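# Geometric and topological summary
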Amino acid sequence: MMYLTMGVITTSIYLKQKIYEREPDMTQYIYIASPMRLPSGSYGSNPVSAEQPNVYRNELDFTHLYFENNYDSHSKQRFSYSPHFTYKHQVAAFSNHIPLPYQLKGTAEQDKCLSILYTYLEEAIQQCGVVEYFTSLNGEEDLPLLKKRTIQWPDVKKPYDLVIDDREFWEITLWN
């Protein structure tokens with residue numbers, strides 16, 4: 001039985017590398033762009049107290065998303081995370097718990113991160129009417145898109161609807 005399991009894992013890794021042509025330890029990022037400023041900062045962490053902001057009861061309490069904006073305070077200029085974006089206000093986030101479709105496991109950490117992402121996007125769309133949503137491996141943001149879609153926010157019914165493929169790009173609008 002262990003031999004079969006190992007074979008499945010080996011085959012799975014081989015297929016992932018062949019399909020996605022990547023190293024297995026590269027970081028997958030989520031990027032969001034908007035015509036209006038997007039909030040940055042940490043969302044979802046739950047430390048034991050304000051006096052102990054780096055202490056958590058368990059991994060789920062530590063699980064969070066940090067959205068970093070595209071403003072370089074040193075040069076005092078905005079930069080673009082990807083040439084695919086049409087809007088200047090952008091944020092980036094990464095988490096090992098935001099899966100690609102083949103990584104979907106339905107863990108509590110994935111549930112939490114996808115729920116945070118869903119709420120973040122919902123608030124941004126309500127404020128701006130449109131956002132661009134994109135995922136890519138770090139360093140591959142400039143490569144050609146593999147999928148591009150325009151969708152309406154009411155069609156995104158639940159957080160797991162936000163699980164997209166590598167180098168997939170969505171323009172999400174509030175309405176038609």
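Structure: see above.
Being a predicted model, the structure only gives us computed values, none of them experimental. (Residues numbered from 1 in each chain as written. Predicted model: local features only at pLDDT ≥ 70, side-chain atom pairs only at ≥ 80, totals over all residues. Heavy atoms only, no water.)

## Observations regarding the overall build of the protein
Broken down by element type, the protein carries 3 helices and 9 strands. Across the protein, helices and strands are ordered from the amino to the carboxyl terminus as α-β-β-α-β-β-β-β-α-β-β-β. Taken over 176 residues, the protein has a buried fraction of 39%. Split by element, the accessible area of the protein, about 10,600 Å² in all, is 53% carbon and sulfur. (Helix = DSSP H or I, 4+ residues; strand = E, 2+ residues; numbered from the N terminus. Buried < 20%, exposed > 50% of the residue type's maximum accessible area, 1.4 Å probe, protein only. Areas by Shrake-Rupley, 256 points an atom, 1.4 Å probe, with all protein chains shown as cover.)

## Points about unusual backbone geometry
Backbone geometry at Lys76 places phi at a positive 60°, although glycine is not the residue there. Within the secondary structure layout, Lys76 lies in the loop between β4 (71–72) and β5 (77–78). The phi dihedral of Arg167 is positive, around 55°, even though this residue is not glycine. As for its position among the elements, Arg167 is in the loop between β8 (147–152) and β9 (168–173).

## Looking at the nonpolar core
Counting residues in each nonpolar core, the largest one holds 28 residues, and the members touching the most others are Ile32, Phe67, Leu117, Tyr133 and Leu162. Of all the elements in the fold, those that place two or more residues in this core are β1 (28–34), β3 (65–69), β6 (89–94), α3 (108–128), β7 (130–137) and β9. Sequence-distant contacts of Leu162, defined by excluding residues within four places in its chain, comprise Leu114, Leu117, Tyr118, Leu121, Tyr133, Trp153, Val156 and Trp170. (Core = buried A, V, L, I, M, F, W, Y, C linked by side-chain atoms within 4.5 Å. Contact = heavy atoms within 4.5 Å.)

## As for the pairing of β1
Of all 7 residues in β1, 7 are buried; the element is thus mostly enclosed. Along β1, one buried face is formed by Gln28, Ile30, Ile32 and Ser34 and the opposite face, lined by Tyr29, Tyr31 and Ala33, is buried too. Of the pairings in the sheet, the one linking β1 to β7 comprises 6 bridges and is antiparallel in character. Directly across from Tyr29, in β7, lies its bridge partner Ser136. Of the pairings in the sheet, the one linking β1 to β6 comprises 6 bridges and is antiparallel in character. By the bridge assignment, Ser34 is partnered in β6 with His89. (Pairing = 2+ DSSP bridges.)

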